[in-house]
Amino acid sequence: MKKVQFSDYRQVYGFLFSTYGKNSYIRLSFLSALVSRFCKFVGLPIAISQIIAALAAQDYSLARSWVLVFTAFSATIGVLNPLTKVIALHGENIIYAQTMRTFFVKLLNKDVSYFNDSMTGYITTAARQFSDSTLSLVRNWRESYLGHLFTMTIPIIVICFVSLQLGLVVLLLSSIQTSYLLWASKKIVPYRTEAREVYKHNSGIISDAITNIVAIKATAQEKSISKLVGDNMFEESKLFVKRYKMQAKFAAIREAITVTFFLVLFWMTVTQISQGLIGVAGAVLVITYASTILTGIYEISNSLDMHDDIVDKVIPAFELLQEPNRITDPARPVSISKVKGALVFKDVSFNYIEASSSIPVFKNLNLVVPAGQRLGIVGLSGAGKSTLAKLLLRFE
């Protein structure tokens, strides 16, 4: 069972930077998102804290000024958020179509034997997931992950300006909480990977059954196929239950750390106010940003699972494309100047390596089909009709 490794992340993000990352519209959308996040996580909290401080000091003129600042930041966010999406769409649609086309072209160049050995249903799913998931990663970074970074870094910097001691405490507590979340996420990886492999297997069975529905009905295999799919779905659901039970245990420990986080920070904040070390505005900023940081940490926990789930959907596509063809063209292919048109099999013998029987499908087969002649091949199932056609086209 293959786990997500650092090399997988590097491969996925290498692809993203070489495609989406080179598009000027997408770069501009990220810049717009950064400005919007700055207004949301820096401008608005500072404006709110100053309004509260001015009201506490009964300086209503100053409070009105900060209300205008708050309004300016809010208006900027209101304009940039929809504008960012419009800008991004101009680049994303182009790269998405190119990605889907490139993947499909590469898939068409694979050996036909590869499609026989693999489940065609899962290959179809992987092709679509490849384009959808890479686009999802780009959008998540712009709309979610970027915000998480702001909610973790900017508040700590601001709190350090208010009180270096409180800022260092927040940094320490945030580091402990984040480290725990990263550790917990790593512990979930085996469960997620196992679920992915089972999903791959079950998707292939369902798709192949639908593709061959006529043959299934003709041989009265509906009940056996239905039982197989039902049993597999039950096993898949058990894996998900096991995974989410483990996540629930980790979440309980996370909550205990969170309670400790707030207890220590708020206790120190009250102490510093009582000693006159920070004012009301500073206290409001610390409490507001502490909640923001904790919210960001919670979102990071969920985002890590979501991020790795998306990466899990991209990785199989790279595995499909990177698997070498079993039949390769010679380094110096023979140039055919004149095609006669006749099909000739001369003393051809063939058997499948993985077959349980050692009896060859063909032994010393000789067949000539003159140019222009039509020939029908009939025979029982398993007699070798499909094998003959594959050998004709060099398919294994």
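Calculation notes
Residues numbered from 1 in each chain as written. Predicted model: local features only at pLDDT ≥ 70, side-chain atom pairs only at ≥ 80, totals over all residues. Heavy atoms only, no water. Helix = DSSP H or I, 4+ residues; strand = E, 2+ residues; numbered from the N terminus. Buried < 20%, exposed > 50% of the residue type's maximum accessible area, 1.4 Å probe, protein only. Polar contact = N/O pair within 3.5 Å; in protein donor to acceptor, adjacent residues only side chain to side chain. Contact = heavy atoms within 4.5 Å. Expected span 1.5 Å × (residues − 1). Salt bridge = Lys/Arg side-chain N within 4 Å of Asp/Glu carboxyl O. Core = buried A, V, L, I, M, F, W, Y, C linked by side-chain atoms within 4.5 Å.

Novice: Run through the environment of Ser74, naming residues and quoting values.
Specialist: Considering the arrangement of structural elements, one finds Ser74 in helix α3 (residues 60–108). Judged by its relative accessible area of 28%, Ser74 is partly exposed.

Novice: Break down the side chain of Thr99 for me, citing the residues and quoting the values.
Specialist: Mapped onto the elements, Thr99 comes out in helix α3. Its relative accessible area of 4% is what places Thr99 among the buried residues. Separated by 2.8 Å, the side chain of Thr99 and the backbone oxygen of Ile95 make a polar contact. The contact partners of Thr99, leaving out residues within four places of it in the chain, are Phe15, Phe130, Ser131 and Thr134.

Novice: Go over helix α2 (residues 24–56), please, and point to the residues and values.
Specialist: Think of an α-helix as turning once every 3.6 residues; residues three or four places apart then point the same way. Helix length check: α2, at 33 residues, gives a terminal C-alpha distance of 47 Å against a target of 48 Å (1.5 Å per residue), a fit within 8%. N-capping of α2 is provided by Asn23, with a side-chain oxygen placed 2.9 Å from the backbone N of Tyr25. Backbone geometry just after α2 places Gln58 at a positive phi near 60°.

Novice: Can you break down the side chain of Asn23 residue by residue, with the values?
Specialist: Mapped onto the elements, Asn23 comes out in the loop between α1 (6–19) and α2. Once you skip the residues sitting within four places of it in the chain, Asn23 turns out to touch Gly91 and Ile95.

Novice: How would you sum up the pattern of salt bridges? Please name residues and give values.
Specialist: Applying the stated rule across the entire model yields five salt bridges. As a salt-bridge pair, Arg142 and Glu143 come within 3.6 Å of each other at their nearest N and O atoms. Overall, the relative accessible area of 39% leaves Glu143 in the partly exposed class. One salt bridge in this structure joins Glu235 and Lys238, with 3.4 Å as the shortest N-O distance. One end of the pair, Glu235, and the other, Lys238, are both in helix α8 (residues 222–274), three residues apart, so they sit about a helical turn from each other. Each of the salt bridges in this network shares a partner with another, and the network as a whole consists of Glu92, Arg139, Arg142 and Glu143.

Novice: An account of the nonpolar core is needed here, citing residue identities and associated values.
Specialist: Formed by 31 residues in total, the largest nonpolar core has its most connected members in Ile159, Leu166, Val170, Phe261, Leu265 and Ile293. Elements with a contribution of two residues or more to this core: α2, α5 (120–162), α6 (164–211), α8 and α9 (280–322). If you tally residues by element for this core, the top one is α9, at ten residues. Contact partners of Leu166, with chain neighbours within four places excluded, come to Ile159, Leu265, Met268, Thr269, Gln272, Ile278 and Val286. Listed in part, the 23 residues of the second largest apolar core include Phe15, Tyr20, Tyr96 and Phe103.

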